[in-house]
Structures are given as structure tokens and as C-alpha cells.
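As a plain string of letters, each chain reads:
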Amino acid sequence: SAFSEIDKIFQAGSEKLTGQPYYKDGKESKHIKSLESRYSKDPESFIKLTRKSYWMITKLEDDFWNQQAFTPSAFNSHYNRILCFQAPVKMQKQEAQKHRTAEDVIWDNYGGYDVDKLKYLLRGGTISQADFDYILKRQTEVSA
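The sections below set out a description of the structure shown in this document. (Residues numbered from 1 in each chain as written. Predicted model: local features only at pLDDT ≥ 70, side-chain atom pairs only at ≥ 80, totals over all residues. Heavy atoms only, no water.)

### Describing the packing of helix α1 (residues 2-18) against helix α2 (residues 26-41)
Packed helices, taken two at a time, are described by the angle their axes make and the gap between the axes. The test is simple: All axes here are fitted lines through C-alpha atoms, helices being fitted over the stretch that makes contact, and every angle between N-to-C directions spans 0 to 180 degrees. Only DSSP runs of H or I covering at least 4 residues are called helices, and only runs of E covering at least 2 are called strands; the numbering of each starts at the N terminus. Throughout, the term roughly parallel applies to angles under 35 degrees, roughly antiparallel to angles over 145, roughly perpendicular to angles from 65 to 115, and oblique to all others. Here a residue-residue contact requires only that any non-hydrogen atoms of the pair lie within 4.5 Å.
Between α1 and α2, the shortest axis-to-axis distance is 9 Å and the interhelical angle comes to 110 degrees. Classified by the interaxial angle, the pair formed by α1 and α2 is roughly perpendicular. Across the interface between the two elements, Ala2, Phe3, Glu5, Ile6, Asp7, Ile9 and Phe10 of α1 pack against Ser29, Ile32, Lys33, Leu35, Glu36, Tyr39 and Ser40 of α2.

### Quick look at the nonpolar core
To keep things clear, this is the line we draw: Among the buried residues, those of types Ala, Val, Leu, Ile, Met, Phe, Trp, Tyr and Cys that are joined through side-chain atoms within 4.5 Å form a nonpolar core. Exposure classes here rest on a 1.4 Å probe applied to the protein chains alone. A residue is buried below 20% of its type maximum, exposed above 50%, and partly exposed in between.
The biggest cluster of nonpolar side chains holds 20 residues, and the ones touching the most others in it are Ile6, Phe10, Leu35, Phe46, Met56, Phe75 and Ile82. Looking at this core, the elements that each hand over two or more residues are α1, α2, α3 (43-58) and α6 (79-84). Considering every element that reaches this core, the biggest residue donor is α3, with five residues. Here Leu35 is in contact with Ile6, Phe10, Phe46, Pro72, Phe75 and Asn76, once residues within four sequence places are set aside. Tyr110, Leu121, Ile127 and Tyr134 belong to the second-largest nonpolar core, a separate cluster that totals nine residues.

### What about the pattern of salt bridges?
For clarity, the cut-off: Put simply, a salt bridge is a Lys or Arg side-chain nitrogen that is within 4 Å of an Asp or Glu carboxyl oxygen.
Across all of its chains, the model carries five salt bridges by this definition. Ionic pairing is found between Lys24 and Asp7, a salt bridge with its closest N-O pair at 3.2 Å. In this pair, Lys24 is assigned in the loop between α1 and α2 and Asp7 in helix α1, connecting sequence segments 17 residues apart. When its relative accessible area of 12% is taken as the criterion, Asp7 is described as buried. Of the charged contacts in the structure, one is a salt bridge between Lys137 and Glu141, with a shortest N-O distance of 4.0 Å. Taken as a pair, Lys137 and Glu141 lie in helix α10 (residues 129-143) at a separation of four residues, close to a single helical turn.

### What to know about the packing of aromatic side chains
Note the following rule: Two aromatic rings from Phe, Tyr or Trp, using only the six-membered ring of Trp, form a pair when their centres are within 6.5 Å; if the ring planes differ by under 30 degrees the pair is stacked, by over 60 it is edge-to-face, and anything between is tilted. Throughout this description, the term charge over a ring refers to an Arg CZ or Lys NZ atom that lies within 6 Å of the ring centre and within 35 degrees of the ring normal.
Tallying each qualifying case throughout the model produces nine aromatic pairs. On the numbers, 6.4 Å between centres and 50 degrees between planes, the contact of Trp55 with Phe85 is tilted. One end of the pair, Trp55, is in helix α3; the other, Phe85, is in the loop between α6 and α7 (89-98), with 30 residues separating them in the sequence. On the accessibility criterion, Trp55 (26% relative accessible area) is partly exposed. Ring-pair connections join several aromatic residues into one group, and the members of that group are Phe10, Tyr39, Phe46, Tyr54, Phe70, Phe75 and Tyr79. Sitting over the ring of Phe64, Arg81 keeps its end group 4.2 Å from the ring centre. Sitting above the plane of the Tyr113 ring, Lys117 keeps its charged end 5.3 Å from the centroid.

See below:
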């Protein structure tokens, strides 16, 4: 049921955060009940939002969020704030950098070069044949 799934999310997150599950009393159960409809509409989005909340509590360098508990009541109380939260631009750039591939770096560094410059870099060993082929292919796609 949605109730037990929501409860599992907060049990696991709270245990990971504090070393023990959150204290589930009538208040927390009431909040889980009120979250059931949100979970039922789109479980995947709900789970992403709880992960976002957990991240905000544990990783965001913000006194307000660092003092929050990972419980159904806290999540429910701050639902709209969590939903609308956007990480600071600097943090978004750092996250984007973590997910860049080697091809992204090659493209950023050499994607604007013409074929003659790329051949020169290839002969000099700055780029590999695979990099050369990738850049030419991507230039063709971009210009199309």
C-alpha cells in the first residue's frame, strides 16, 4: 500500500541519517496518510522529491535545511518549499561538471576547430583518432 511504501522511505532515510528509524507516532502516521494521495498520483516523482528532500537536509550547506528531520511530518510541512527549491547556480554547475563525459570535454575544447587544426592536433598526439572522428561526426550533426 502507499502508506507502507511512504513509511519505508522515511524509515530508511531516517536510519541512514541518524542511525535509528524515526519515531512513528500518531502524528507521523497522520502525515503519511495525507501524503498517500501525492504518492498514488505519481510514485516515481514522489520518490524523487523525497530524495531531493534528503539531499537538501544532508548535503545543502544551509542552516535551515540542515536542522530538519527526515520525517513524514517535516516533509509534508515543507512540501511546497522542497518542490520549488532550485540549487544555487554555482552548485548546479558543480553537479553538471560531475556528470560530464570525456566526449563533452573533447567537444568543449576542440569542437570549434576546423579540420586542418584537428589534423594537426591528431598528428601531434593532443587528440586521438577516436576523438578526431567524434569531433568531425558531431560537427556534421550540428551543422545539419
